[in-house]
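Given next are the chains, with one letter for each unit.
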Amino acid sequence: MRLTILRRAIQFANMAHELKAKRPRYGFNNSSETSYFDSYADITVHEEMLGDSVRTNAYKDAIFNCNPPIKDKVVLDVGAGTGILSCFCAQAGAKTVYAVEASKIAEQAKQVVKANGLGDKVVVIQGLLEEVELPEKVDVIVSEWMGYCLLYESMLSSVINARDRWLKPGGLILPSHTRMFLSPVSDDEIIIEKVNFWSDMHEAYGVDMSTLLPFARTSMSKDIMVKTITCENILSNSQLVASFDLYNISHEDIVSVQHDFKFHSFGIADLQGFALWFDVSFEVSNQKKHNYPETEKQDDRNGCNAVDQIESSDCKNGNLILSTSPYDPETHWKQSLLYLNAEVPVVQDSKINGKLNIKRCANNHRFLDISLSCSVDDKPETDQTYFMGYELPKNNNTKI
C-alpha cells in the first residue's frame, strides 16, 4: 500500500513538473526579451513543436494547397525556427523564402536548408523581424505564432508588423484567421490527485500533511495550467471569446480581450474551473473544400459521440482548420485551464455567468494576466486572477 501511495505521489509530481516545463526558460541576464529568444535556441522547444504531428501536418497541408498557390511566390516565414515551414514552402514551388528567426537556432536552420538542397530558394536571416530589411515585398506570410491561450508570448505582434511592412496588397497570410473558445469544466481527476497527494503523506511517511490542502488548492488556481482534458470534462457548449482576422487586426486589438459569458450546465457535476482553447484557419484550394456547415460562433460539439466532429486538420468551406479543442486530436498546446479556488456544484441547466478579461502583463508583454468573475445560479460571485508566465529575476527591472 505504501508503495502504491508513493507511486501515485511521484506520478502527480511528474505531471506537475511537465505542466510547468512547457514554459520557456529565461536566463538571469539583463534582458528578458533576449532571454526569450535564447530559450528558442534550445533544441527541446523545437522537438516539442515538430513532435506535434497535428500541428506540423496542418501547416504542410496548408502550404501545399493554399489558395492562391504558393508556386513562384515570394514568402516570408516569421519565426522560422529550425526552418521546416520554409522548406515546405520551397518544396511547394516558392520562388524565394525569407526565413527570419531571432534566436541562434537560425544557424541550425541554415544547415537544414542546405541538407535538403534548398539553398537556392531559402534565405535564412537571423534577426528581429521588426529590425530586418528584406530586398523586396512578399506575396505570402507564413508563421506558427500561436501560444498557450493563443496570445501567450505575444508573437502575433511580429506577424502584424510583417504584414504592415512587407506584405504586398492582396497578399496571403497563413494562417489567416483565428478563434478562441471558453467552456466551464469539471476535472475531478486532478482534484483527487491533489487531495490524495497531501492526504496520503501520513501513510507514506508518517507525517500528517493534510493542513496543506487549502494552500495546495489555492496554489493550483493561481496560475493557468496547461494540460489535456477530454470532451467528458466539458460542462456546457463552448462560447467564442474572440476572433481575429489577420488581414485587418491591429496591435491594439490584442492588448486586451474581454468576454461576458452565460452558460447552462449539461448536468450534475462539480464546476472546477474553465478551459480555453483556439483554432486557426488557412485558405486552401477548391480541391480541398468539403461541404461542412457554416462556422458557428461556438464549438458546439456537446458530446464525445457527436457525429459532426471535425479532424484537427480538416477543412470547412475551403478553410483548413487546425484546432486545439478537447474534441479533436491532442496538440502540444493542449488546453489552458483556469481552476477556481473551490469547486461549485451544478445541476442540469445551472446558470454559470461571469466575465473573462485577458490582457498583457504590465511589465512583460509576452506574459498574460487574466481575471475571471463567475457566479452559479444564486450563489455569491467568485473573483479570481491568474498569471501566465514565471517570475523574472528580482534584479531585472527591464520593462518590455
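Report on the nonpolar core, specifying residues and quantitative values.
Within soluble globular proteins, side chains that are nonpolar generally end up buried alongside one another. Residues Leu76, Leu276 and Leu356 are the most contacted members of the largest nonpolar core, which totals 96 residues. Not counting residues up to four positions away in its chain, the partners in contact with Leu276 are Cys149, Met180, Phe181, Leu182, Val241, Gln335, Ser336, Leu338, Leu356, Ile358 and Ile370. Among the nonpolar cores identified, the runner-up in size contains 14 residues, and Ile191, Tyr327, Leu337 and Tyr339 belong to it.

Lay out the pattern of salt bridges with the relevant residues and their values.
Under the counting rule described, the total for this entry stands at nine salt bridges. Here Glu133 makes a salt bridge to Arg165, at a shortest N to O gap of 3.0 Å. Of this pair, Glu133 sits in the loop between strand 3 (122-126) and strand 4 (138-143) while Arg165 sits in helix 7 (residues 156-166); the two residues are 32 residues apart in sequence, bridging distant segments of the chain. Accessibility expressed as a relative area gives 25% for Arg165, which makes it partly exposed. Between Asp139 and Lys168 there is a salt bridge; the shortest N-O distance is 3.1 Å. Taken together, the positions of Asp139 in strand 4 and Lys168 in strand 5 (residues 167-174) put the pair 29 residues apart, joining distant regions of the chain. Given a relative accessible area of 33%, Lys168 falls into the partly exposed group.

I'd like a description of the packing of helix 4 (residues 53-65) against helix 5 (residues 84-91), backed by residues and values.
Each pair of packed helices can be summarised by the angle the axes make with each other and by the distance between the axes. As a packed pair, helix 4 and helix 5 sit with axes 9 Å apart at the nearest point and diverge in direction by 30°. With respect to helix 5, the element helix 4 is oriented roughly parallel. Relative to helix 5, helix 4 is oriented so that their crossing is right-handed. Within the contact between the two elements, helix 4 uses Thr56, Tyr59, Lys60, Ile63 and Phe64 and helix 5 uses Ile84, Leu85, Phe88, Cys89 and Gln91. Across the contact of helix 4 with helix 5, the residue classes break down as seven nonpolar, two polar and one charged.

Explain the packing of aromatic side chains to me, using residue names and the numbers behind them.
Overall, the coordinates contain 10 aromatic pairs when judged by the stated rule. A centroid spacing of 6.1 Å and a plane angle of 20° characterise the contact between Tyr148 and Tyr152, whose relative ring orientation is stacked. As far as burial versus exposure is concerned, Tyr148 and Tyr152 are alike and both buried. Ring centres 5.4 Å apart and planes at 75° place the aromatic pair Phe278 and Trp333 in the edge-to-face group. Within this pair, whereas Phe278 is found in strand 10 (residues 269-283), its partner Trp333 is found in the loop between strand 12 (319-323) and strand 13 (335-346), the two being separated by 55 residues in sequence. Classification of Phe278 by relative accessible area gives buried; the value is 2%. Under the relative-accessibility criterion, Trp333 is labelled buried at 2%. Ring pairs connect the aromatic residues Tyr148, Tyr152, Phe367 and Phe387, which therefore count as one cluster.

I'd like a description of the sheet that holds strand 9 (residues 256-264), backed by residues and values.
If you trace the four strands from one edge of the open sheet to the other, you get 9-14-15-16, paired in antiparallel fashion. Of all strands in the sheet, those with a lone pairing partner are strand 9 and strand 16 (382-388), marking the two edges. This sheet shows a mean twist of 15° between the axes of neighbouring strands, independent of strand direction. Direction of pairing for strand 9 relative to strand 14 (residues 351-361): antiparallel, over a ladder of nine bridges. The partner of Ser256 across the bridge, within strand 14, is Lys359.

I'd like a rundown of the side chain of Glu144, residues and numbers included.
Its place among the elements puts Glu144 in the loop between strand 4 and helix 7. Residue class for Glu144 comes out buried when judged on its relative accessible area of 9%. At 2.8 Å, the side chain of Glu144 forms a polar contact with the side chain of Arg55. Within the structure, the side chain of Glu144 is placed 3.4 Å from the backbone nitrogen of Met146, a separation counted as a polar contact. Among all residues touching Glu144, those that are not within four sequence positions of it are Met49, Arg55, Tyr59, Val78, Leu85, Met155, His332 and Trp333.

Describe the sheet that holds strand 1 (residues 74-78), with residues and values.
Taken in spatial order, the five strands of this open sheet run 3-2-1-4-5, and their pairing is parallel. Both outer strands of the open sheet, strand 3 and strand 5, are each paired with one neighbouring strand and no more. Direction aside, the axes of adjacent strands within the sheet are offset by 20° on average. Two elements, strand 1 and strand 4, share four bridges in a ladder whose sense is parallel.

Rules used throughout
Residues numbered from 1 in each chain as written. Predicted model: local features only at pLDDT ≥ 70, side-chain atom pairs only at ≥ 80, totals over all residues. Heavy atoms only, no water. Core = buried A, V, L, I, M, F, W, Y, C linked by side-chain atoms within 4.5 Å. Buried < 20%, exposed > 50% of the residue type's maximum accessible area, 1.4 Å probe, protein only. Contact = heavy atoms within 4.5 Å. Salt bridge = Lys/Arg side-chain N within 4 Å of Asp/Glu carboxyl O. Helix = DSSP H or I, 4+ residues; strand = E, 2+ residues; numbered from the N terminus. Axes fitted to C-alpha atoms, helices over the stretch in contact; angles between N-to-C directions. Parallel < 35°, antiparallel > 145°, perpendicular 65-115°, else oblique. Left-handed = near helix turned anticlockwise from the far one by under 90°. Nonpolar A, V, L, I, M, F, W, Y, C, P; charged D, E, K, R; others polar. Phe/Tyr/Trp six-rings, centres within 6.5 Å; stacked < 30°, edge-to-face > 60°. Pairing = 2+ DSSP bridges. Polar contact = N/O pair within 3.5 Å; in protein donor to acceptor, adjacent residues only side chain to side chain.

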